[in-house]
Amino acid sequence: MSGFEFVALSLPPMVIGVLAAIACALPGNFLVLRRQALIGDAISHVVLPGIVVAFLLTGMVSTWPMMIGAGGAAIVSVLLIEAIRRLARIEAGAAMGVVFTAMFAGGVLLLEQTDTSSVHLDVEHALYGNLESLIWLDAAGWGSLVDPVALAGLPPELLRMAVVACVIVAFLLVFWRGLKISTFDEGFARSVGVPVRLIGGLLVVLSALAAVAAFDAVGSIIVIAMFICPPAAARLMTDRLEIQVAWSVGFATLSAVAGYVLAGYGPLWIGFENAVSAAGMIATVSGLVLAVAAIFGPHRKGAQLPR
Amino acid sequence: MLRVVQSQANDTTADPAAPLSIRGLTVSYGQKPAVFSVDFTARAGRMTAIVGPNGAGKSTLLKAVLGIETAVAGQVRVFGADLSMQRHRVAYVPQRASVDWDFPTRVIDVVLGGLYRELGLLGRVRKHHMDYARDCLSRVGMEEFEGRQIGQLSGGQQQRVFLARALAQNADLYLLDEPFAGVDAATERAIVAVLKGLKAEGRTVIVVHHDLSTLRDYFDDVWLISTRRVAEGPVKEVFTEANLRATYGGRLAPAQIDMLSRQDG
Ligand SMILES: Nc1ncnc2c1ncn2[C@@H]1O[C@H](COP(=O)(O)OP(=O)(O)OP(=O)(O)O)[C@@H](O)[C@H]1O
Ligand SMILES: [Mg+2]
């Protein structure tokens, strides 16, 4: 494969895949430890009304209004869950279930009531993505990476995913100590004045942001896999949170790159004609990574006797 | 906030700057209150036991005092001020079973959590912080375990790590929820020695305690609670058959109550 082909056709989807995987895996570490890992899945239901409302207000299918609408819907859902939990005094899981299904249903009703036939509002696309289509037509070869004109033609998903990943990294850096203490021992964290509710809320909102951005770019299957598989595999490699997060980034990157390459070339290597879905292969690789970690990970349960 | 005023013998003598003063505190998880309109006052430099049957609201009382659970009504004053002004003077040891010990963290990291007031979200852990955390670990005899993952400790060792974290808070008021639950006699002695050391330094220690047979040996004062306040005061005066009956109802055998309330120091 020539440099031109690689830079134009393979590099952008690969980078987007890696960024999406990292953006989901980072908060995934905390969601898994807090036993909230299914939130990524649930968010796909919550964001629908947000996307529809954004479309109704702006009348166009463009990225940023939809992201803002989706983010707004996620925030509304978090507030609703808190309110229901406190007012109705039911447990968080049940409150989530109520809010997520209600909001998804609201989104479907809104969508039915609006005339979207004239404009192409493709919810399928928001939920399932298509990684292979994110190509960079302005690229002429490796040199384009330093050519501002060509760079302006990069798929918008790339910039968006990069911004989201940076926001999440910034959040983790700023709130690291509070996140760690409140994830381990929420009661103690409250007693010393850690802003537990703010941190928990931001974690969910940023997970929603990662999920929405990644949905649009790469599809739901990756989001669900990346929230859970790299962090769960990383937990089996170490007994320290700092190192676990580093491993999860490594596993997310490995899954995205290996998954993309295997999807594109794997079938050819074993004699088939057509490439398979990159998103599906990336999720599969992350599952394999988790399986290998579960069998060989040095810190899996029972692998180590107390010294 | 609703303030329930009740006439009580010890109200008139209550120190306005008492380490902990609770008035009319009511906490409810649903329709039924877990703690109902209780008043207690802790006396400075003493060890106080909170005693009552399972489900009496002991843990809930501590959590409401610390702002972990929201009170429906009542007032809590810590050293004469609102808790938000005094958090740096209060240390808390939760019930050991309230956390997931599989959490990927080391003993020393847990103890460093006790320095949150000092470090804040962004402060860097420096060598003197590490030395201080190690010192707290050695006060509970756990210095060799600083690098171990917390799940690979025995229950008694985990309890000591929690205590070391509270020591790192260097507080004036210590609130401990069942620190002796599931620990062996040696660990219990070690923990009691640390708590008595805190008391000797003039700090106030409040402990949720289940073992009535050690009450007299360990504590100066006792608060008896069964959703409502039953009694409070020096162990010698308050630990009577009548009060125990009122606290435990039929849950202690009459012979047991008899034996315990007659037992002399
Ligand atoms: N998070 C909660 N949600 C609902 N009810 C609760 C919750 N925590 C405690 N309760 C209820 O409140 C009451 C008081 O509980 P609490 O844990 O304060 O008792 P306790 O005196 O500490 O008991 P134990 O000796 O068993 O630790 C109990 O009836 C309990 O079932
Ligand atoms: Mg309790």
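Residues numbered from 1 in each chain as written. Chains lettered and ligands numbered in written order. Predicted model: local features only at pLDDT ≥ 70, side-chain atom pairs only at ≥ 80, totals over all residues. Heavy atoms only, no water.

All names here are of chain B. Pairing within the open sheet is antiparallel, and its three strands lie in the order 2-1-4. Both outer strands of the open sheet, strand 2 (33–42) and strand 4 (73–78), are each paired with one neighbouring strand and no more. Direction aside, neighbouring strands of the sheet carry axes that sit 15° apart on average. Note that strand 1 (residues 20–28) and strand 2 share six bridges and pair antiparallel. (Pairing = 2+ DSSP bridges. Helix = DSSP H or I, 4+ residues; strand = E, 2+ residues; numbered from the N terminus. Axes fitted to C-alpha atoms, helices over the stretch in contact; angles between N-to-C directions.)

We now examine the packing of helix 5 (residues 127–139) of chain B against helix 6 (residues 155–168) of chain B. Residues and elements named next belong to chain B. Relative orientation of the contacting elements helix 5 and helix 6 amounts to 130°, with a least axis distance of 8 Å. The pairing of helix 5 with helix 6 is recorded here as oblique in orientation. Relative to helix 6, helix 5 is oriented so that their crossing is right-handed. Taken together, the residues of helix 6 that come into contact with helix 5 (itself represented by Tyr 132, Cys 136, Leu 137 and Arg 139) are Ala 164, Leu 167 and Ala 168. Of the residues that constitute the contact of helix 5 with helix 6, the class distribution is six nonpolar, no polar and one charged. (Parallel < 35°, antiparallel > 145°, perpendicular 65-115°, else oblique. Left-handed = near helix turned anticlockwise from the far one by under 90°. Contact = heavy atoms within 4.5 Å. Nonpolar A, V, L, I, M, F, W, Y, C, P; charged D, E, K, R; others polar.)

Moving on: unusual backbone geometry. Both trends apply: most residues other than glycine have a negative phi, and most peptide bonds are in trans. All names here are of chain B. For Asn 170, which is not glycine, the phi torsion reads 45° and is therefore positive. Topologically, Asn 170 is positioned in the loop between helix 6 and strand 6 (173–177). Here Glu 178, not a glycine, exhibits a phi torsion of approximately 50°, which is positive. In this fold, Glu 178 is placed in the loop between strand 6 and helix 7 (185–200). Residue classification places Glu 178 among the buried residues on the basis of a relative accessible area of 15%. (Buried < 20%, exposed > 50% of the residue type's maximum accessible area, 1.4 Å probe, protein only.)

Time to look at the site of ligand 1. Residue and element names in this part refer to chain B. Taken together, 13 residues lie near ligand 1, and Asn 54, Gly 55, Lys 58, Ser 59 and Thr 60 sit nearest. Gly 55 places a main-chain nitrogen or oxygen 2.8 Å from an oxygen atom of ligand 1. Contact distances for ligand 1 include 2.8 Å between an oxygen atom and a side-chain N or O atom of Lys 58. For ligand 1, whose free accessible area comes to 640 Å², the fraction covered by protein is 59%. (Near = heavy atom within 4 Å. Polar contact = N/O pair within 3.5 Å; in protein donor to acceptor, adjacent residues only side chain to side chain. Areas by Shrake-Rupley, 256 points an atom, 1.4 Å probe, with all protein chains shown as cover.)

Time to look at the pattern of salt bridges. A side chain with one charge can pair with a side chain of the opposite charge if their charged atoms come near. Residue and element names in this part refer to chain B. Throughout the structure, instances matching the rule amount to 18 salt bridges over all chains. The closest approach of N and O atoms between Arg 23 and Asp 39, which form a salt bridge, is 3.8 Å. You can see Arg 23 sitting in strand 1 and its partner Asp 39 sitting in strand 2, a full 16 residues away along the chain. Of the charged contacts, one joins Glu 241 and Arg 245 as a salt bridge, the two residues approaching to 2.6 Å between their closest N and O atoms. (Salt bridge = Lys/Arg side-chain N within 4 Å of Asp/Glu carboxyl O.)

Before going further, it helps to spend a moment on the pairing of strand 8 (residues 221–226) of chain B. All names here are of chain B. Extensive coverage of strand 8 is indicated by the burial of five of its six residues. By the bridge criterion, four bridges tie strand 3 (residues 47–51) to strand 8 in an arrangement that is parallel. Among the inter-strand pairings, Val 51 is bridged to a residue of strand 8, identified as Leu 224. In this structure, strand 8 lies alongside strand 9 (residues 228–234), joined through six bridges in antiparallel fashion. Along strand 9, the bridge assignment pairs Leu 224 with Ala 231. Between the end of strand 8 and the start of strand 9, which pair antiparallel, lie one residue, with Thr 227 showing a positive phi angle near 65°.

In this section: the interface of chain A and chain B. The interface of chain A with chain B comprises 31 residues on the first partner and 37 residues on the second. Approximately 3,000 Å² of surface area, both sides summed, lies buried where chain A meets chain B, with 56% of it carried by carbon and sulfur atoms. Considering only the side of chain A, the residues that lose the most area to chain B are Arg 177, Phe 184 and Phe 188 of chain A, jointly responsible for 26% of the buried surface there. Summed over the shared surface of chain A and chain B, the number is three salt bridges. Here chain A is connected to chain B by eleven residue pairs in polar contact (both at pLDDT 80 or more). Elements represented by at least two residues in the side of chain A that touches chain B include exactly helix 7 (156–184), helix 8 (186–191) and helix 11 (241–269) of chain A. Counting residues per element, the side of chain A that touches chain B draws most heavily on helix 7 of chain A, at nine residues. Among the residues forming the side of chain A that touches chain B, the class breakdown is twelve nonpolar, seven polar and twelve charged. (Buried area = accessible area lost by both parts, 1.4 Å probe.)

Let us look at the side chain of Arg 165 of chain B. Take Arg 165 of chain B: it is sitting in helix 6. Here Arg 165 of chain B falls in the buried class, since its relative accessible area comes to 2%. Apart from the residues within four sequence positions on either side, Arg 165 of chain B is in contact with Phe 184, Asp 185 and Phe 188 of chain A together with Pro 94, Val 110, Val 111, Gly 113 and Gly 114 of chain B.

Looking now at the coordination of the magnesium ion (ligand 2). All names here are of chain B. Protein coordination at the magnesium ion (ligand 2) comes from Ser 59 (OG) and Gln 95 (OE1), with a distance range of 1.9 to 2.7 Å. One end of the pair, Ser 59, is in helix 1 (residues 58–65); the other, Gln 95, is in the loop between strand 5 (90–93) and helix 3 (107–112), with 36 residues separating them in the sequence. Given a relative accessible area of 16%, Ser 59 falls into the buried group. Judged by relative accessible area, which is 30%, Gln 95 ranks as partly exposed. (Donors = N, O, S within 2.8 Å, 3.2 Å for Na, K, Ca; no water.)

Before going further, it helps to spend a moment on the state of the cysteines. Tallied over the full model, the rule gives zero disulfides over all chains. For Cys 24 of chain A, which is in no disulfide, the shortest distance to another cysteine sulfur is to Cys 229 of chain A and amounts to 12 Å. (Disulfide = S-S within 2.5 Å.)

All right, on to the confidence of the model for chain B then. Residues and elements named next belong to chain B. Averaged over chain B, the pLDDT score is 89; the fraction of residues at 70 or greater is 89%. Confidence drops under pLDDT 50 across residues 1–12; counting only partners more than four residues distant or on other chains, this segment forms 16 contacts. We note a pTM of 0.85 for the whole complex and an ipTM of 0.90 for its interfaces. (pLDDT = per-residue confidence, 0-100.)

Residues and elements named next belong to chain B. Taken together, the six strands give an open sheet; going across it, the order is 5-6-7-3-8-9, and neighbouring strands pair in mixed fashion. Looking along the sheet, the strands with just one partner apiece sit at the ends: strand 5 and strand 9. Sheet twist, expressed as the average angle between the axes of neighbouring strands with direction ignored, equals 15°. Strands strand 5 and strand 6 of the sheet are contacted by helix 6, whose axis makes an angle of about 170° with strand 5.

Residues and elements named next belong to chain B. Scanning the entire structure with this criterion turns up ten aromatic pairs over all chains. With a centroid separation of 4.5 Å and an interplanar angle of 5°, the aromatic rings of Phe 40 and Trp 223 are classed as stacked. In this pair, Phe 40 sits in strand 2 while Trp 223 sits in strand 8, placing the two residues 183 residues apart along the sequence. Summarising the aromatic geometry, the rings of Trp 101 and Phe 162 are spaced 5.0 Å apart at their centres and angled 45° between planes, so their arrangement reads as tilted. A residue pair is termed long-range when its members are at least 10 positions apart, and Trp 101 in the loop between strand 5 and helix 3 and Phe 162 in helix 6 qualify at 61 residues. The class of Trp 101 is buried, set by a relative accessible area of 10%. (Phe/Tyr/Trp six-rings, centres within 6.5 Å; stacked < 30°, edge-to-face > 60°.)

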